[in-house]
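What follows is the residue order along each chain.
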Amino acid sequence: MASEKNFFIPPATVCLVETFSFWLLKLDYEIEGIFMNVKDKTAIVTGASSGIGLSTAQLLSKMGAKVALVSRSKEKLEKLSNEIPNSIAVQADMAKVFEIKRMVNEVTERFGRIDVLVNNAGVGYDALAEKIDVDTFHYIFDLDLVGPLAAMQQVIPIMRKQGGGTIINVSSAVALMNLPNNGPYASIKRALSVLSLTAREELKNDNITVSVVYPYITLTNFERNTIRDVPVPESELEPRGPFPPDTAEYAAQKIVEGIESGEAEIFAHDWIKNRVRGNPQ
Ligand SMILES: NC(=O)c1ccc[n+]([C@@H]2O[C@H](COP(=O)([O-])OP(=O)(O)OC[C@H]3O[C@@H](n4cnc5c(N)ncnc54)[C@H](OP(=O)(O)O)[C@@H]3O)[C@@H](O)[C@H]2O)c1
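All values derive from a computational prediction rather than experimental measurement. Counting restarts for each chain: residues are numbered from 1 in the order of the written sequence. Where local features are concerned, this predicted model is filtered to residues with pLDDT of at least 70; where side-chain atom pairs are given and counted, the filter is 80 or more; whole-chain, interface and lining totals use all residues.

A. How the structure looks around unusual backbone geometry. In this structure, Asp40 takes a positive phi of about 65° despite not being glycine. A count of 11 C-beta atoms within 10 Å places Asp40 in the exposed class. With a phi angle near 85°, Asn181 is a residue other than glycine that sits in the positive phi range. Relative to the helices and strands, Asn181 is located in the loop between β6 (165-170) and α6 (183-203). Around each residue's C-beta, the other C-beta atoms within 10 Å are counted; 20 or more make the residue buried, 12 or fewer make it exposed, and counts in between make it partly exposed. All C-beta atoms are placed from the backbone. Secondary structure counts use DSSP, requiring at least four H or I residues in a row for a helix and at least two E residues in a row for a strand, with both numbered from the N terminus.

B. Main features of the nonpolar core. Any set of buried Ala, Val, Leu, Ile, Met, Phe, Trp, Tyr and Cys residues joined through C-beta atoms within 7 Å is what this text calls a nonpolar core. In this structure, Ala43, Ile44, Val45, Val67, Leu69, Val70 and Leu117 are the most contacted members of the largest nonpolar core, which totals 66 residues. Element by element, the count of residues in this core is highest for helix α5 (residues 134-162), at eight residues. Those residues within four positions of Val70 in sequence are excluded, and the remaining contacts are Ile44, Val45, Thr46, Ala48, Val90, Ala92 and Met103. Throughout, a pair of residues is in contact if the C-beta atoms placed from their backbones lie within 7 Å.

C. Structural view of the packing of α5 against α6. Here the axes come from fitting lines to C-alpha atoms, over the contacting stretch only for helices, and the angles between their N-to-C directions go from 0 to 180 degrees. For the pair α5 and α6, interaxial distance at closest approach is 9 Å and the crossing angle is 15°. When the interaxial angle is binned, α5 and α6 end up roughly parallel. Crossing handedness for the pair α5 and α6: right-handed. From α5, Phe137, Ile140, Phe141, Asp144, Leu145, Pro148, Leu149, Met152 and Ile156 reach across to α6, where they touch Pro184, Tyr185, Ile188, Lys189, Ala191, Leu192, Leu195, Ala199 and Leu203. Under the grouping applied here, Gly and all other residues not named as nonpolar or charged are polar, the nonpolar ones being Ala, Val, Leu, Ile, Met, Phe, Trp, Tyr, Cys and Pro and the charged ones Asp, Glu, Lys and Arg. Within the contact of α5 with α6, the residues separate by chemical class into 16 nonpolar, no polar and two charged. These descriptions rest on fixed angle ranges, namely under 35 degrees for roughly parallel, over 145 for roughly antiparallel, 65 to 115 for roughly perpendicular, and the rest for oblique. The sense of a crossing depends on the near helix, which, turned anticlockwise from the far helix by less than a right angle, makes the crossing left-handed and, turned clockwise, makes it right-handed.

D. The arrangement of the pairing of strand β7 (residues 208-214) in detail. Judged by how many residues are buried, β7 sits mostly within the fold: seven of seven residues are covered. Where burial is concerned, the two faces of β7 agree: the one with Ile208, Val210, Val212 and Tyr214 and the one with Thr209, Ser211 and Val213 are both buried. Where β6 meets β7, six bridges bridge the pair, whose relative direction is parallel. Residue pairing across strands places Gly165 opposite Ile208, the latter belonging to β7. For two strands to count as paired, DSSP must find a minimum of two bridges between them. By the bridge criterion, three bridges tie β7 to strand β9 (residues 265-267) in an arrangement that is parallel. Along β9, the bridge assignment pairs Val212 with Glu265.

E. Fine view of the site of the ligand. A residue counts as near a molecule or strand when its C-beta atom, positioned from the backbone, falls within 6 Å of it. As a matter of local geometry, the ligand sits amid 28 residues, with Gly47, Gly51, Arg72, Ser73 and Gly122 nearest to it. Those elements giving two or more residues to the shell around the ligand turn out to be α2 (51-62) and α7 (222-225). Element by element, the count of residues in the shell around the ligand is highest for α2, at three residues.

In structure tokens:
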């Protein structure tokens, strides 16, 4: 009869193995920047018909993820879905909670799981505080804040059941500043960032990571789509800021870095972070 052997692993060996694994992981992170590998993961990207959302969807697909392209423009999404490998088109108005519920159900049925939610759909609204139109403010509130919240509420139970997931909420660098005319948009984006960081704390034990990304001025249709009570001539829609604007591809890279690293806040540039943290470096 074979005798049972008791294996005793000396604590020093355990310690050595743990240290070795830690450094291997760290090395992997430093080389690849990876904590979550997006390959074979399933992702919802809202506002995927244009700009930052489209570039994010393209990048995720290129990295091997399956992507649900979400926005209001059905035909545009269907055309894009034919061009972007492993993607599906799901029409939804992100300012309407019942459409968000239907969208998440449809993605869950078609993909079987949801690993990543990128809440990117959004529109700007420029007005002086004194002149803010309350109905327009309500619309931007519904789209830029309630929409991401409703999408989070739909995916959280699914991610919890799966054992985890990642949620990225796209805020804006202006949410960290007090720029005249930006009050309605910036205040809602700031609320989105507080909501995200609070949810991050609440969900960390469920292995659900919530992060906020702060893009800088980015070359997309955003300025053209921004609602203004006083129309601005086309020539004045050119991006103006202290630094040259970013490309949508650059902003998408930052979003994917956020998915991979799980960092709480991802800033398009260090100067934005330093400005917020009161560090002039
Ligand atoms: N560009 C910038 O300078 C900048 C800077 C900081 C932050 N951001 C943020 O980045 C995100 C993406 O903006 P972008 O620059 O890529 O602008 P964009 O080119 O105008 O794209 C906006 C996207 O949102 C979608 N969208 C708008 N209203 C929607 C609704 N009711 N329901 C569903 N989807 C809707 C649009 O699709 P449909 O029209 O097809 O619905 C489009 O795909 C926004 O949250 C924006 O606030 C942008």
